[in-house]
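What follows is each chain in one-letter form.
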Amino acid sequence: MRLWRLDEAERLVNSELAQGLAETWASCADEKCLADSPYDPALVGVGRWWLGPFTIGNRKLGEIPFYSLPPVATCPSATPFCIRWCYAVYEIANWRAHVREAASYLLSLRDDFPDIVQRFLRRLPHRTVRLHVSGDFYSVEYLEKWAEVARREPSRVFYT
């Protein structure tokens, strides 16, 4: 079991790297701004498989953009069973994914989160968006932020 991943998620949320990445996402409106940041393009979200906090595609679902959070740490009702068998704890081995999840969580805490997310969504041609390959709706306030995004983007399908 990769229980180290749970400790790592907490450490990363408090890291300068995740905090800086979340701030970059909050202040950037396009790929040029992201590319001009001091971060690795794959980390900050520039390229075919990323746009800011969105990762585009995975093996299972193809090229559907998704927004993820750290697993278990953002699952308020995680049971010992969940912690032991969570696929996100086992599956994700890329360090960039860990940092991006931590930064996504920090971004989600901002009051202007719906504005930031919508700015990136408007640059994505995809009609369907997946929320939380890992992580969960950790609070009612966070769920309401995504509900606001969905109201603003009625032509998109959001699923989780």
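In case you missed it, the structure is sitting above this.
Residues numbered from 1 in each chain as written. Predicted model: local features only at pLDDT ≥ 70, side-chain atom pairs only at ≥ 80, totals over all residues. Heavy atoms only, no water.

Colleague: Hey, could you run me through the sheet that holds strand 1 (residues 50–51) in this one?
Modeller: Strand pairing in a sheet is mediated by backbone hydrogen bonds. Such pairs are either parallel or antiparallel. Reading across the sheet, the five strands line up as 1-2-3-4-5 and stay open at both edges, with mixed pairing between neighbours. Since the sheet does not close on itself, it has two edges, and those belong to strand 1 and strand 5 (157–159), each with one partner. Relative to strand 5, strand 4 (residues 128–131) is paired through three bridges, and the arrangement is parallel. Note that in strand 5 the partner of Val 129 across the bridge is Phe 158. Along the sheet, helix 8 (residues 113–121) makes contact with strand 1, strand 2 (54–58), strand 3 (62–67), strand 4 and strand 5, crossing strand 2 at roughly 50°. In this fold helix 9 (residues 140–152) packs onto strand 2, strand 3, strand 4 and strand 5, with an angle of close to 160° to the strand it touches most, strand 5. (Pairing = 2+ DSSP bridges. Helix = DSSP H or I, 4+ residues; strand = E, 2+ residues; numbered from the N terminus. Contact = heavy atoms within 4.5 Å. Axes fitted to C-alpha atoms, helices over the stretch in contact; angles between N-to-C directions.)

Colleague: Could you clarify how one ought to interpret the packing of helix 8 against helix 9 in this entry?
Modeller: When two helices pack together, you describe them by how their axes are tilted relative to each other and by the distance separating the axes. Viewed as axis vectors pointing N to C, helix 8 and helix 9 meet at an angle of 40°, and their least axial separation amounts to 9 Å. Overall, the two elements helix 8 and helix 9 adopt an arrangement that is oblique. Between helix 8 and helix 9 lies a crossing of right-handed hand. Seen from helix 8, the contacting residues are Phe 113, Pro 114, Asp 115, Val 117, Gln 118 and Leu 121; seen from helix 9, they are Tyr 142, Lys 145, Trp 146, Glu 148, Val 149 and Arg 152. Partitioned by chemical class, the residues of the contact of helix 8 with helix 9 number seven nonpolar, one polar and four charged. (Parallel < 35°, antiparallel > 145°, perpendicular 65-115°, else oblique. Left-handed = near helix turned anticlockwise from the far one by under 90°. Nonpolar A, V, L, I, M, F, W, Y, C, P; charged D, E, K, R; others polar.)

Colleague: Could you clarify how one ought to interpret the side chain of Ser 104 in this entry?
Modeller: Positionally, Ser 104 belongs in helix 7 (residues 95–108). Residue class for Ser 104 comes out buried when judged on its relative accessible area of 1%. If we skip the residues at most four places from it in the chain, Ser 104 touches Trp 25, Pro 53, Tyr 67, Ser 68 and Leu 69. (Buried < 20%, exposed > 50% of the residue type's maximum accessible area, 1.4 Å probe, protein only.)

Colleague: I tried to follow the packing of aromatic side chains on my own but got confused; where do I start?
Modeller: Two measures describe an aromatic ring pair: the distance that separates the ring centres and the angle between the ring planes. Per the stated rule, a full pass over the model turns up nine aromatic pairs. Between the aromatic rings of Trp 146 and Phe 158, the centroid separation amounts to 6.1 Å while the plane-to-plane angle is 55°, which identifies the pairing as tilted. With Trp 146 in helix 9 and Phe 158 in strand 5, this residue pair connects regions lying twelve residues apart in the sequence. One aromatic cluster in this structure is built from Phe 54, Tyr 67, Tyr 105, Phe 113, Phe 137, Tyr 138, Tyr 142, Trp 146 and Phe 158. Above the plane of the ring of Trp 49 lies Arg 48, whose end atom (NZ or CZ) is 4.3 Å from the centre. (Phe/Tyr/Trp six-rings, centres within 6.5 Å; stacked < 30°, edge-to-face > 60°. Lys NZ or Arg CZ within 6 Å of the ring centre and 35° of its normal.)

Colleague: Just checking my understanding: could you explain the pattern of salt bridges for this structure?
Modeller: A side chain of one charge can pair with a side chain of the opposite charge if their charged atoms are brought near each other. In this structure the tally under the stated criterion is eleven salt bridges. One salt bridge in this structure joins Arg 48 and Glu 63, with 2.6 Å as the shortest N-O distance. Pair noted here: Arg 48 is in the loop between helix 4 (41–44) and strand 1 and Glu 63 is in strand 3, with a separation of 15 residues, a long-range link. Between Asp 115 and Arg 152 there is a salt bridge whose closest N-O contact spans 2.7 Å. Here Arg 152 lies in helix 9 and Asp 115 lies in helix 8, a separation of 37 residues in the sequence. Classification of Asp 115 as partly exposed rests on a relative accessible area of 41%. (Salt bridge = Lys/Arg side-chain N within 4 Å of Asp/Glu carboxyl O.)

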